[in-house]
Amino acid sequence: MKSLLNLLLSLAIASPVLAMAENPASPNTYIDHLTGLTDYCGRVSYSVLLPQAEDPVTYDITLQSTVVPGDTLSPCRYLIEWIPGREDQGKGFAAYLDGAHYRYRDNRLQEYHMSWDSIPFIMGNGGVQCNAQFVDVLPQFLGRELGRLVADSNFVYTFAPDTLYNGRKVAVIDGKLMYHGYVSKEATYILDPATLMPLAIELENNPGAISEQSVSIRYDDNGIRPFTIDSEEDLMALYPEVFEKYRESNFRIENLPGTQLPTFTAPTPAGERYAYHRGDTFNSPVVIALVDDSGANTPATLQAVRDASAKSPAQFDIIIAFVTNDTERATEIAGRCLPGETLLTGARTLARDCGAGIFPTLIYVGRDGHVKDVNLGYNKDLTNVVIQTATLNF
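Read on for an overview of the structure. (Residues numbered from 1 in each chain as written. Predicted model: local features only at pLDDT ≥ 70, side-chain atom pairs only at ≥ 80, totals over all residues. Heavy atoms only, no water.)

Backbone hydrogen bonds are what pair the strands of a sheet, in a parallel or an antiparallel way. Spatial ordering of the open sheet is given by 16-15-14-17-18, a layout of five strands whose pairing is mixed. Each edge of the open sheet carries a strand with a single partner, namely strand 16 (341-344) and strand 18 (371-376). Strand-to-strand, the axes of this sheet are offset by a mean angle of 15°, without reference to chain direction. Inspection of the sheet shows strand 17 (residues 361-365) paired to strand 18 by five bridges, in the antiparallel sense. Looking across to strand 18, one finds that Leu362 is bridged to Asn375. (Pairing = 2+ DSSP bridges. Helix = DSSP H or I, 4+ residues; strand = E, 2+ residues; numbered from the N terminus. Axes fitted to C-alpha atoms, helices over the stretch in contact; angles between N-to-C directions.)

This part is about the side chain of Arg352. Relative to the assigned elements, Arg352 resides in helix 10 (residues 348-354). Of the polar contacts made by the side chain of Arg352, one reaches the side chain of Glu244; its length is 3.4 Å. Beyond its immediate chain neighbours, meaning those up to four positions away, Arg352 contacts Met236, Pro240, Phe243, Glu244 and Arg247. (Polar contact = N/O pair within 3.5 Å; in protein donor to acceptor, adjacent residues only side chain to side chain. Contact = heavy atoms within 4.5 Å.)

Here the bond from Phe359 into Pro360 is cis, since omega is 10°, no more than 30 degrees from zero. Turning to its location among the elements, Pro360 is positioned in the loop between helix 10 and strand 17. Here His180, not a glycine, exhibits a phi torsion of approximately 50°, which is positive. As for its position among the elements, His180 is in the loop between strand 8 (168-179) and strand 9 (182-191). His180 sits in the exposed class, given a relative accessible area of 66%. (Buried < 20%, exposed > 50% of the residue type's maximum accessible area, 1.4 Å probe, protein only.)

The strand order 6-5-4-3-2-1-11-10-9-8-7 describes an open sheet built from 11 strands, whose pairing is antiparallel. Here the strands that pair on one side only, and so sit at the sheet edges, are strand 6 (108-113) and strand 7 (155-165). Between one strand axis and the next, the sheet turns through 15° on average, direction left out of account. Helix-sheet contacts for helix 4 (residues 139-150) involve strand 1 (39-49), strand 2 (57-66), strand 3 (77-84), strand 7, strand 8, strand 9, strand 10 (198-205) and strand 11 (213-223), and the interaxial angle to strand 9 is about 130°.

Moving on, we come to the packing of helix 8 (residues 298-311) against helix 11 (residues 382-393). It is the contact of helix 8 with helix 11, at a shortest axis distance of 8 Å, that shows an interaxial angle of 45°. Classified by the angle between their axes, helix 8 and helix 11 sit oblique to one another. Judged by the twist between their axes, the crossing of helix 8 over helix 11 is right-handed. The residues of helix 11 that touch helix 8, namely those facing Thr301, Ala304, Val305, Asp307, Ala308 and Lys311, are Leu382, Thr383, Val386 and Ile387. (Parallel < 35°, antiparallel > 145°, perpendicular 65-115°, else oblique. Left-handed = near helix turned anticlockwise from the far one by under 90°.)

Counted according to the given criterion, the structure contains 18 salt bridges. Arg43 is paired through a salt bridge with Asp60; the nearest N and O atoms lie 2.6 Å apart. In this pair, Arg43 sits in strand 1 while Asp60 sits in strand 2, placing the two residues 17 residues apart along the sequence. A relative accessible area of 35% places Arg43 in the partly exposed class. For Asp60, a relative accessible area of 29% gives the class partly exposed. Asp353 is the salt-bridge partner of Arg352, the closest N and O atoms lying 2.9 Å from each other. When its relative accessible area of 12% is taken as the criterion, Arg352 is described as buried. One network of salt bridges, in which partners are shared, links Glu111, Glu232, Glu233, Arg247 and Arg252. (Salt bridge = Lys/Arg side-chain N within 4 Å of Asp/Glu carboxyl O.)

Okay, here's the thing in C-alpha coordinates:
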(Lines give C-alpha, C1' and ligand atoms only; values in the text may rest on other atoms or scores of the structure.)
Protein backbone atom coordinates (compact mmCIF):
# COMPACT_ATOMS: atom_id res chain seq x y z
CA MET A 1 0.00 0.00 0.00
CA LYS A 2 2.84 2.40 0.83
CA SER A 3 4.38 2.06 -2.64
CA LEU A 4 1.05 3.02 -4.17
CA LEU A 5 0.72 5.96 -1.82
CA ASN A 6 4.27 7.20 -2.45
CA LEU A 7 3.65 7.10 -6.19
CA LEU A 8 0.42 9.03 -5.85
CA LEU A 9 1.92 11.72 -3.60
CA SER A 10 5.05 12.10 -5.71
CA LEU A 11 2.92 12.65 -8.78
CA ALA A 12 0.86 15.21 -6.93
CA ILE A 13 4.00 17.15 -5.92
CA ALA A 14 6.03 16.77 -9.11
CA SER A 15 3.21 17.51 -11.55
CA PRO A 16 1.45 20.73 -10.55
CA VAL A 17 -0.01 20.95 -14.05
CA LEU A 18 -2.38 18.16 -13.03
CA ALA A 19 -4.16 20.49 -10.63
CA MET A 20 -7.59 21.53 -11.85
CA ALA A 21 -9.51 24.40 -10.39
CA GLU A 22 -12.78 22.53 -10.65
CA ASN A 23 -11.55 19.57 -8.60
CA PRO A 24 -13.05 19.40 -5.11
CA ALA A 25 -10.44 20.79 -2.74
CA SER A 26 -11.81 19.37 0.50
CA PRO A 27 -12.57 15.85 1.84
CA ASN A 28 -15.91 17.22 3.03
CA THR A 29 -17.13 17.48 -0.56
CA TYR A 30 -16.75 13.72 -0.92
CA ILE A 31 -18.06 13.01 2.56
CA ASP A 32 -21.20 15.08 1.98
CA HIS A 33 -21.83 13.37 -1.35
CA LEU A 34 -21.44 9.85 0.02
CA THR A 35 -23.55 10.41 3.13
CA GLY A 36 -26.20 12.15 1.03
CA LEU A 37 -26.38 9.43 -1.62
CA THR A 38 -29.96 8.13 -1.79
CA ASP A 39 -29.67 5.04 -4.03
CA TYR A 40 -26.67 2.95 -4.94
CA CYS A 41 -25.80 -0.28 -6.75
CA GLY A 42 -22.28 -1.52 -7.40
CA ARG A 43 -19.73 -4.29 -7.31
CA VAL A 44 -16.57 -4.57 -5.23
CA SER A 45 -13.47 -6.77 -5.37
CA TYR A 46 -12.31 -7.30 -1.79
CA SER A 47 -9.14 -9.07 -0.63
CA VAL A 48 -7.66 -9.68 2.81
CA LEU A 49 -4.06 -10.79 3.40
CA LEU A 50 -2.92 -12.07 6.79
CA PRO A 51 0.80 -12.10 7.75
CA GLN A 52 1.20 -15.89 7.73
CA ALA A 53 -0.92 -16.54 4.65
CA GLU A 54 0.61 -17.10 1.22
CA ASP A 55 -2.42 -15.88 -0.72
CA PRO A 56 -5.11 -13.34 0.10
CA VAL A 57 -8.70 -14.30 0.79
CA THR A 58 -10.83 -12.73 -1.93
CA TYR A 59 -14.50 -11.88 -2.29
CA ASP A 60 -16.69 -10.64 -5.11
CA ILE A 61 -19.32 -8.39 -3.50
CA THR A 62 -22.55 -6.92 -4.88
CA LEU A 63 -23.98 -3.90 -3.06
CA GLN A 64 -27.42 -2.29 -3.09
CA SER A 65 -28.64 0.48 -0.82
CA THR A 66 -31.28 3.16 -0.48
CA VAL A 67 -31.91 5.84 2.13
CA VAL A 68 -35.19 5.79 4.08
CA PRO A 69 -35.91 9.22 5.62
CA GLY A 70 -36.49 9.06 9.35
CA ASP A 71 -34.73 5.75 9.95
CA THR A 72 -32.36 6.40 12.85
CA LEU A 73 -30.97 2.85 13.07
CA SER A 74 -28.98 2.78 9.84
CA PRO A 75 -27.81 5.24 7.19
CA CYS A 76 -29.65 3.14 4.59
CA ARG A 77 -31.50 -0.02 3.74
CA TYR A 78 -29.09 -2.44 2.15
CA LEU A 79 -28.44 -5.83 0.63
CA ILE A 80 -24.85 -7.08 0.54
CA GLU A 81 -24.11 -10.34 -1.27
CA TRP A 82 -20.68 -11.93 -1.40
CA ILE A 83 -19.06 -14.85 -3.20
CA PRO A 84 -15.63 -15.96 -1.91
CA GLY A 85 -12.80 -16.79 -4.25
CA ARG A 86 -12.31 -20.22 -2.64
CA GLU A 87 -14.86 -22.97 -3.17
CA ASP A 88 -14.54 -24.24 0.42
CA GLN A 89 -15.85 -20.91 1.72
CA GLY A 90 -19.59 -20.39 1.43
CA LYS A 91 -21.28 -17.37 -0.07
CA GLY A 92 -23.49 -15.22 2.09
CA PHE A 93 -25.51 -12.06 2.44
CA ALA A 94 -26.45 -9.34 4.89
CA ALA A 95 -29.55 -7.18 4.68
CA TYR A 96 -31.21 -4.40 6.65
CA LEU A 97 -34.84 -3.43 6.05
CA ASP A 98 -36.74 -0.99 8.26
CA GLY A 99 -35.82 -2.27 11.70
CA ALA A 100 -35.02 -5.84 10.64
CA HIS A 101 -31.54 -7.24 10.04
CA TYR A 102 -30.63 -10.55 8.39
CA ARG A 103 -27.23 -12.19 7.98
CA TYR A 104 -26.48 -15.54 6.36
CA ARG A 105 -23.23 -17.47 6.17
CA ASP A 106 -21.99 -21.01 6.87
CA ASN A 107 -25.50 -22.48 6.53
CA ARG A 108 -26.83 -20.26 9.29
CA LEU A 109 -29.44 -17.52 8.95
CA GLN A 110 -29.58 -15.08 11.84
CA GLU A 111 -32.20 -12.36 12.07
CA TYR A 112 -32.94 -9.48 14.39
CA HIS A 113 -36.15 -7.45 14.66
CA MET A 114 -36.38 -4.11 16.46
CA SER A 115 -40.03 -4.71 17.34
CA TRP A 116 -39.09 -7.97 19.03
CA ASP A 117 -35.81 -7.06 20.77
CA SER A 118 -34.26 -3.59 20.52
CA ILE A 119 -31.03 -4.40 22.36
CA PRO A 120 -29.04 -5.81 19.38
CA PHE A 121 -29.80 -2.62 17.43
CA ILE A 122 -28.45 -0.22 20.05
CA MET A 123 -25.63 -2.08 21.75
CA GLY A 124 -21.98 -1.84 20.77
CA ASN A 125 -20.75 0.43 18.00
CA GLY A 126 -24.00 1.09 16.16
CA GLY A 127 -25.73 -2.27 16.63
CA VAL A 128 -25.83 -5.41 14.50
CA GLN A 129 -27.16 -3.55 11.47
CA CYS A 130 -24.10 -1.29 11.34
CA ASN A 131 -21.53 -4.01 11.98
CA ALA A 132 -22.45 -6.65 9.42
CA GLN A 133 -19.77 -8.12 7.19
CA PHE A 134 -18.69 -5.71 4.42
CA VAL A 135 -21.22 -3.05 5.48
CA ASP A 136 -18.37 -0.53 5.73
CA VAL A 137 -17.85 -0.53 1.96
CA LEU A 138 -21.35 0.79 1.26
CA PRO A 139 -20.99 4.44 0.18
CA GLN A 140 -23.34 5.76 2.86
CA PHE A 141 -21.38 3.96 5.60
CA LEU A 142 -18.06 4.89 3.99
CA GLY A 143 -19.03 8.56 3.99
CA ARG A 144 -19.94 8.38 7.66
CA GLU A 145 -16.62 6.68 8.48
CA LEU A 146 -14.61 9.26 6.52
CA GLY A 147 -16.44 12.03 8.33
CA ARG A 148 -15.59 10.46 11.66
CA LEU A 149 -11.93 10.01 10.70
CA VAL A 150 -11.23 13.52 9.41
CA ALA A 151 -12.84 14.96 12.55
CA ASP A 152 -10.74 12.75 14.82
CA SER A 153 -7.56 14.39 16.11
CA ASN A 154 -5.98 10.93 16.35
CA PHE A 155 -6.27 10.52 12.58
CA VAL A 156 -3.32 12.28 11.00
CA TYR A 157 -3.97 12.62 7.28
CA THR A 158 -3.15 14.42 4.07
CA PHE A 159 -5.49 15.21 1.22
CA ALA A 160 -4.29 15.27 -2.40
CA PRO A 161 -7.13 16.74 -4.48
CA ASP A 162 -5.59 15.94 -7.87
CA THR A 163 -3.18 13.09 -8.63
CA LEU A 164 -3.04 9.95 -10.80
CA TYR A 165 -4.16 6.38 -10.17
CA ASN A 166 -4.04 3.81 -12.97
CA GLY A 167 -3.79 6.62 -15.47
CA ARG A 168 -6.83 8.53 -14.26
CA LYS A 169 -7.09 11.70 -12.21
CA VAL A 170 -8.14 11.05 -8.63
CA ALA A 171 -8.23 12.54 -5.18
CA VAL A 172 -6.58 10.77 -2.25
CA ILE A 173 -7.14 10.84 1.50
CA ASP A 174 -4.21 9.16 3.23
CA GLY A 175 -3.72 8.90 6.96
CA LYS A 176 -2.75 7.05 10.09
CA LEU A 177 -5.00 6.44 13.06
CA MET A 178 -3.01 6.69 16.29
CA TYR A 179 -3.80 4.88 19.54
CA HIS A 180 -1.68 5.60 22.64
CA GLY A 181 1.24 6.64 20.45
CA TYR A 182 1.04 3.62 18.15
CA VAL A 183 -0.35 3.36 14.63
CA SER A 184 -3.50 1.24 14.82
CA LYS A 185 -4.48 1.68 11.17
CA GLU A 186 -3.07 3.07 7.95
CA ALA A 187 -5.68 4.03 5.38
CA THR A 188 -5.68 5.32 1.82
CA TYR A 189 -8.96 6.31 0.14
CA ILE A 190 -8.88 6.88 -3.62
CA LEU A 191 -11.80 8.94 -4.92
CA ASP A 192 -13.11 10.04 -8.31
CA PRO A 193 -13.31 13.86 -8.59
CA ALA A 194 -15.77 13.57 -11.48
CA THR A 195 -18.37 11.45 -9.68
CA LEU A 196 -17.27 11.96 -6.04
CA MET A 197 -17.47 8.17 -5.64
CA PRO A 198 -14.86 5.77 -4.21
CA LEU A 199 -12.54 3.94 -6.59
CA ALA A 200 -10.31 2.00 -4.19
CA ILE A 201 -9.39 1.66 -0.53
CA GLU A 202 -6.15 0.30 0.97
CA LEU A 203 -6.07 -0.52 4.68
CA GLU A 204 -3.35 -1.81 7.01
CA ASN A 205 -4.93 -2.83 10.30
CA ASN A 206 -2.59 -3.19 13.28
CA PRO A 207 0.56 -2.70 11.17
CA GLY A 208 3.62 -4.50 12.52
CA ALA A 209 1.62 -6.57 14.98
CA ILE A 210 0.96 -10.31 14.85
CA SER A 211 -2.67 -9.47 14.03
CA GLU A 212 -1.67 -7.27 11.08
CA GLN A 213 -4.17 -7.39 8.26
CA SER A 214 -3.93 -5.92 4.76
CA VAL A 215 -7.21 -5.10 3.03
CA SER A 216 -7.54 -4.07 -0.61
CA ILE A 217 -10.87 -2.88 -2.01
CA ARG A 218 -11.65 -2.05 -5.64
CA TYR A 219 -14.97 -0.55 -6.69
CA ASP A 220 -16.48 -1.39 -10.06
CA ASP A 221 -19.74 -0.43 -11.75
CA ASN A 222 -20.61 2.33 -9.30
CA GLY A 223 -24.09 3.46 -10.21
CA ILE A 224 -27.52 4.58 -9.09
CA ARG A 225 -30.31 2.08 -9.66
CA PRO A 226 -33.57 1.41 -7.81
CA PHE A 227 -33.34 -0.71 -4.67
CA THR A 228 -35.53 -3.76 -5.31
CA ILE A 229 -35.83 -5.31 -1.82
CA ASP A 230 -38.75 -3.69 -0.01
CA SER A 231 -39.81 -6.38 2.47
CA GLU A 232 -38.96 -9.67 4.08
CA GLU A 233 -41.11 -11.36 1.43
CA ASP A 234 -38.81 -9.97 -1.28
CA LEU A 235 -35.77 -11.29 0.58
CA MET A 236 -37.40 -14.71 1.03
CA ALA A 237 -38.20 -14.85 -2.69
CA LEU A 238 -34.56 -14.06 -3.47
CA TYR A 239 -33.20 -16.73 -1.08
CA PRO A 240 -35.95 -19.37 -0.75
CA GLU A 241 -33.62 -22.25 0.15
CA VAL A 242 -31.87 -20.24 2.85
CA PHE A 243 -35.13 -19.34 4.57
CA GLU A 244 -36.49 -22.88 4.18
CA LYS A 245 -33.47 -24.73 5.55
CA TYR A 246 -31.45 -22.41 7.74
CA ARG A 247 -33.84 -20.07 9.51
CA GLU A 248 -33.24 -20.20 13.27
CA SER A 249 -35.55 -17.53 14.62
CA ASN A 250 -39.23 -18.05 15.46
CA PHE A 251 -39.97 -14.35 15.05
CA ARG A 252 -42.03 -14.63 11.90
CA ILE A 253 -44.22 -17.56 12.94
CA GLU A 254 -44.86 -16.02 16.36
CA ASN A 255 -45.96 -12.77 14.70
CA LEU A 256 -48.14 -14.51 12.11
CA PRO A 257 -51.43 -14.12 14.05
CA GLY A 258 -53.47 -11.24 12.68
CA THR A 259 -52.00 -11.55 9.20
CA GLN A 260 -53.41 -13.16 6.07
CA LEU A 261 -52.36 -16.75 5.39
CA PRO A 262 -49.86 -16.60 2.50
CA THR A 263 -50.52 -18.07 -0.92
CA PHE A 264 -49.37 -21.67 -1.30
CA THR A 265 -49.80 -24.78 -3.42
CA ALA A 266 -48.95 -28.40 -2.64
CA PRO A 267 -49.73 -31.82 -4.12
CA THR A 268 -52.18 -34.33 -2.67
CA PRO A 269 -51.50 -38.09 -2.58
CA ALA A 270 -53.97 -38.47 -5.47
CA GLY A 271 -51.71 -36.38 -7.69
CA GLU A 272 -53.95 -33.31 -7.65
CA ARG A 273 -52.77 -29.84 -6.71
CA TYR A 274 -54.21 -28.01 -3.71
CA ALA A 275 -54.03 -24.23 -4.09
CA TYR A 276 -54.80 -21.42 -1.71
CA HIS A 277 -54.53 -17.76 -2.72
CA ARG A 278 -53.91 -15.03 -0.20
CA GLY A 279 -57.23 -13.39 0.65
CA ASP A 280 -59.36 -16.44 -0.14
CA THR A 281 -61.88 -17.66 2.42
CA PHE A 282 -62.41 -21.16 3.80
CA ASN A 283 -65.67 -23.05 4.21
CA SER A 284 -64.77 -23.66 7.85
CA PRO A 285 -62.01 -22.56 10.22
CA VAL A 286 -58.87 -24.61 9.61
CA VAL A 287 -56.06 -26.01 11.71
CA ILE A 288 -52.98 -26.50 9.54
CA ALA A 289 -50.56 -29.09 10.96
CA LEU A 290 -47.11 -28.52 9.49
CA VAL A 291 -45.23 -31.77 10.12
CA ASP A 292 -42.12 -33.65 9.02
CA ASP A 293 -42.25 -37.33 8.13
CA SER A 294 -39.05 -37.92 10.14
CA GLY A 295 -40.37 -36.27 13.30
CA ALA A 296 -40.76 -38.62 16.26
CA ASN A 297 -43.83 -36.70 17.47
CA THR A 298 -45.63 -36.45 14.13
CA PRO A 299 -48.06 -39.39 14.66
CA ALA A 300 -48.91 -38.22 18.18
CA THR A 301 -49.45 -34.67 16.93
CA LEU A 302 -51.88 -35.74 14.24
CA GLN A 303 -53.78 -37.90 16.71
CA ALA A 304 -53.99 -35.02 19.17
CA VAL A 305 -55.39 -32.67 16.49
CA ARG A 306 -57.92 -35.30 15.40
CA ASP A 307 -58.98 -35.96 18.98
CA ALA A 308 -59.38 -32.21 19.52
CA SER A 309 -61.50 -31.92 16.38
CA ALA A 310 -63.82 -34.66 17.65
CA LYS A 311 -64.18 -33.12 21.13
CA SER A 312 -64.02 -29.37 20.45
CA PRO A 313 -67.25 -27.34 20.64
CA ALA A 314 -65.78 -25.21 17.81
CA GLN A 315 -65.83 -27.09 14.52
CA PHE A 316 -62.79 -26.87 12.24
CA ASP A 317 -61.24 -28.64 9.28
CA ILE A 318 -57.72 -30.02 9.30
CA ILE A 319 -54.96 -29.63 6.71
CA ILE A 320 -52.13 -32.09 7.33
CA ALA A 321 -49.17 -30.56 5.49
CA PHE A 322 -45.98 -32.60 5.33
CA VAL A 323 -43.01 -30.42 4.44
CA THR A 324 -41.29 -33.44 2.85
CA ASN A 325 -42.12 -34.93 -0.56
CA ASP A 326 -42.41 -38.65 0.25
CA THR A 327 -46.11 -39.28 -0.50
CA GLU A 328 -45.96 -42.94 0.50
CA ARG A 329 -44.39 -42.14 3.86
CA ALA A 330 -46.86 -39.29 4.51
CA THR A 331 -49.82 -41.54 3.72
CA GLU A 332 -48.46 -44.24 5.99
CA ILE A 333 -48.08 -41.83 8.94
CA ALA A 334 -51.35 -39.93 8.43
CA GLY A 335 -53.47 -42.98 7.71
CA ARG A 336 -56.93 -42.67 6.17
CA CYS A 337 -58.14 -39.10 5.95
CA LEU A 338 -61.38 -38.39 7.79
CA PRO A 339 -64.14 -36.04 6.54
CA GLY A 340 -62.93 -32.45 6.70
CA GLU A 341 -59.26 -33.46 6.41
CA THR A 342 -56.84 -32.71 3.57
CA LEU A 343 -53.45 -34.37 3.24
CA LEU A 344 -50.64 -32.50 1.46
CA THR A 345 -46.97 -33.19 0.82
CA GLY A 346 -44.13 -30.92 -0.28
CA ALA A 347 -45.42 -27.99 1.79
CA ARG A 348 -42.00 -26.59 2.63
CA THR A 349 -42.78 -23.35 0.79
CA LEU A 350 -45.78 -22.80 3.07
CA ALA A 351 -43.58 -23.47 6.10
CA ARG A 352 -40.98 -21.03 4.80
CA ASP A 353 -43.47 -18.26 4.06
CA CYS A 354 -45.02 -18.67 7.50
CA GLY A 355 -41.58 -18.67 9.15
CA ALA A 356 -41.96 -22.16 10.63
CA GLY A 357 -38.55 -23.57 11.47
CA ILE A 358 -39.57 -26.34 13.87
CA PHE A 359 -42.08 -29.13 13.41
CA PRO A 360 -44.76 -29.78 14.34
CA THR A 361 -46.29 -26.32 14.05
CA LEU A 362 -50.04 -25.76 14.22
CA ILE A 363 -51.56 -22.72 12.49
CA TYR A 364 -55.15 -21.71 13.32
CA VAL A 365 -56.86 -19.96 10.39
CA GLY A 366 -60.33 -18.40 10.46
CA ARG A 367 -62.90 -18.60 7.69
CA ASP A 368 -61.71 -15.20 6.46
CA GLY A 369 -58.18 -16.52 5.83
CA HIS A 370 -56.62 -14.62 8.72
CA VAL A 371 -54.27 -16.47 11.06
CA LYS A 372 -55.71 -16.49 14.57
CA ASP A 373 -53.00 -18.27 16.56
CA VAL A 374 -50.07 -20.71 16.33
CA ASN A 375 -48.70 -23.54 18.48
CA LEU A 376 -45.06 -24.58 18.21
CA GLY A 377 -43.84 -28.07 19.03
CA TYR A 378 -45.49 -31.04 20.72
CA ASN A 379 -46.51 -31.68 24.30
CA LYS A 380 -48.57 -34.41 25.96
CA ASP A 381 -51.44 -32.01 26.63
CA LEU A 382 -51.69 -30.96 22.97
CA THR A 383 -55.29 -32.18 22.57
CA ASN A 384 -56.50 -29.82 25.29
CA VAL A 385 -54.31 -27.02 23.93
CA VAL A 386 -55.92 -27.36 20.49
CA ILE A 387 -59.44 -27.49 21.97
CA GLN A 388 -58.80 -24.37 24.05
CA THR A 389 -57.15 -22.45 21.18
CA ALA A 390 -59.86 -23.39 18.70
CA THR A 391 -62.64 -22.49 21.16
CA LEU A 392 -61.11 -19.07 21.79
CA ASN A 393 -60.51 -18.27 18.13
CA PHE A 394 -63.16 -20.02 16.03
